[in-house]
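Read off the chains here:
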Amino acid sequence: MAKKVIKAGTLLCPAPAVMVSCGDMEKPNIITIAWTGIINSDPPLTYISVRKSRHSHNVIEKSGQFVINLTTEELAFATDYCGVKSGSQVNKFQEMKLTPIKGEHVSCPMIEESPVNLECKVIEVHQYPSHDMFVAEIVAVHVDESLFDEKGRICLEKAGLLAYVHGSYHGINESSLGGFGFSVMKPKTKKRISKQEHEARVKKNREKQNQAKGPRK
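Treat the numbers as computed from the prediction; the structure is a model and nothing was measured. (Residues numbered from 1 in each chain as written. Predicted model: local features only at pLDDT ≥ 70, side-chain atom pairs only at ≥ 80, totals over all residues. Heavy atoms only, no water.)

Draft legend 1. Region of the structure containing the layout of surface pockets. Here the second largest pocket is characterised by a volume of approximately 730 Å³. Looking at the second largest pocket, it is lined by 26 residues, and the ones nearest its centre are Ile33, Ala34, Trp35, His131 and Tyr164. Those elements that place two or more of their residues in the lining of the second largest pocket are β1 (15-16), β3 (28-33), β5 (45-51) and α2 (76-84). The greatest single-element share of the lining of the second largest pocket, amounting to four residues, is contributed by β5. Here the residues of the lining of the second largest pocket sort into 15 nonpolar, eight polar and three charged. (1 Å grid on protein atoms, 1.4 Å probe; cavity = no way out; pocket = protein on both sides within 12 Å on 5 of 7 lines; lining within 4 Å. Points joined across faces, edges and corners; volume = space filled by probe spheres on them. Helix = DSSP H or I, 4+ residues; strand = E, 2+ residues; numbered from the N terminus. Nonpolar A, V, L, I, M, F, W, Y, C, P; charged D, E, K, R; others polar.)

Draft legend 2. Layout of the side chain of His131. Considering the arrangement of structural elements, one finds His131 in strand β10 (residues 131-143). The class for His131 is buried, based on a relative accessible area of 10%. Here the side chain of His131 touches Ser130 through a polar contact of 2.8 Å, side chain to side chain. Not counting the four nearest positions on each side in its chain, His131 is found in contact with Trp35, Ser49, Val50, Arg51, Lys52 and His126. (Buried < 20%, exposed > 50% of the residue type's maximum accessible area, 1.4 Å probe, protein only. Polar contact = N/O pair within 3.5 Å; in protein donor to acceptor, adjacent residues only side chain to side chain. Contact = heavy atoms within 4.5 Å.)

Draft legend 3. Just α2, in detail. What α2 keeps buried is the set Ala78, Thr79, Tyr81 and Cys82. The arc enclosing the buried residues of α2, seen along the axis, measures out at 165°, which places them on a common side. Residues of α2 that are exposed and point over 90 degrees away from its buried face: Phe77 and Val84. As for α2, its buried residues are in contact with β2 (18-23), β3, α3 (92-95), β11 (162-165) and β12 (168-171). (Arc of directions from axis to C-beta.)

Draft legend 4. Expanded view of the pattern of salt bridges. For the structure shown, the criterion picks out three salt bridges. Across the pair Asp149 and Arg153 runs a salt bridge whose closest N-O atoms are separated by 3.5 Å. The exposure class assigned to Arg153 is partly exposed, which follows from its relative accessible area of 44%. A salt bridge links Arg153 to Glu157; the nearest nitrogen and oxygen atoms lie 3.2 Å apart. In this structure Glu157 comes out as partly exposed when scored by relative accessible area, which is 33%. (Salt bridge = Lys/Arg side-chain N within 4 Å of Asp/Glu carboxyl O.)

Draft legend 5. Up close: a nonpolar patch on the surface. Together, Phe148, Ile154 and Leu156 make up an exposed nonpolar region whose accessible area comes to about 230 Å². Relative to the helices and strands, Ile154 is located in the loop between β10 and β11. (Patch = residues over 30% accessible without salt bridge, like charges linked within 9 Å, V, L, I, M, F, W, Y side chains within 5 Å. Areas by Shrake-Rupley, 256 points an atom, 1.4 Å probe, with all protein chains shown as cover.)

Draft legend 6. Layout of the sheet that holds β11. The strand order across the open sheet built from three strands is β1-β11-β12, with neighbouring strands paired in antiparallel fashion. At either margin of the open sheet sits one strand with a lone partner, and together these are β1 and β12. The pairing of β11 with β12 spans four bridges and is antiparallel. The partner of Ala163 across the bridge, within β12, is His170. (Pairing = 2+ DSSP bridges.)

Remember that the coordinates give geometry; whether it matters functionally is a separate question.
Structure (structure tokens):
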């Protein structure tokens, strides 16, 4: 496969498009961030890289807190809006009809419409020419109850999550190409999982059919 060398740049895709809420319940704000990720598992550490000129940069720098709110295809419009508009000029919660709700450990609001909210407290700040990286500990996670199955497993693949790919927003397909470790999975295990997935699909289709029929009169 032939390759073409281009100018060095930040072409790492896909990236998670998240809405980061900051401020407080009286003066809430949202900034859309694609430069975020996980640093450590125990304790759970994350980061966001924020351009120094952004209004939210000063807000997060002063408070040392923020909430990472995962986004969905339904939130794509709001996600883009909160990335191009400044919180110094508009109330993004009001403009996008988003609902600010209180967290448990931070003073800044969470976004109720987001399926997953990660409360974060800043522990380090790394300064770079264009952006500052706020390293934070995830102190609480809130997950929509609809994303839990009957066994208590979190099914994020059902959330319709959003990703950012080189300037565009894309929905993440619910179908999986394989779970972690599938490349070294034993045939017996693969067969068992395949059977379980088939039974789950059959059950889901039956539920859809029953809902389509509606209640008997």
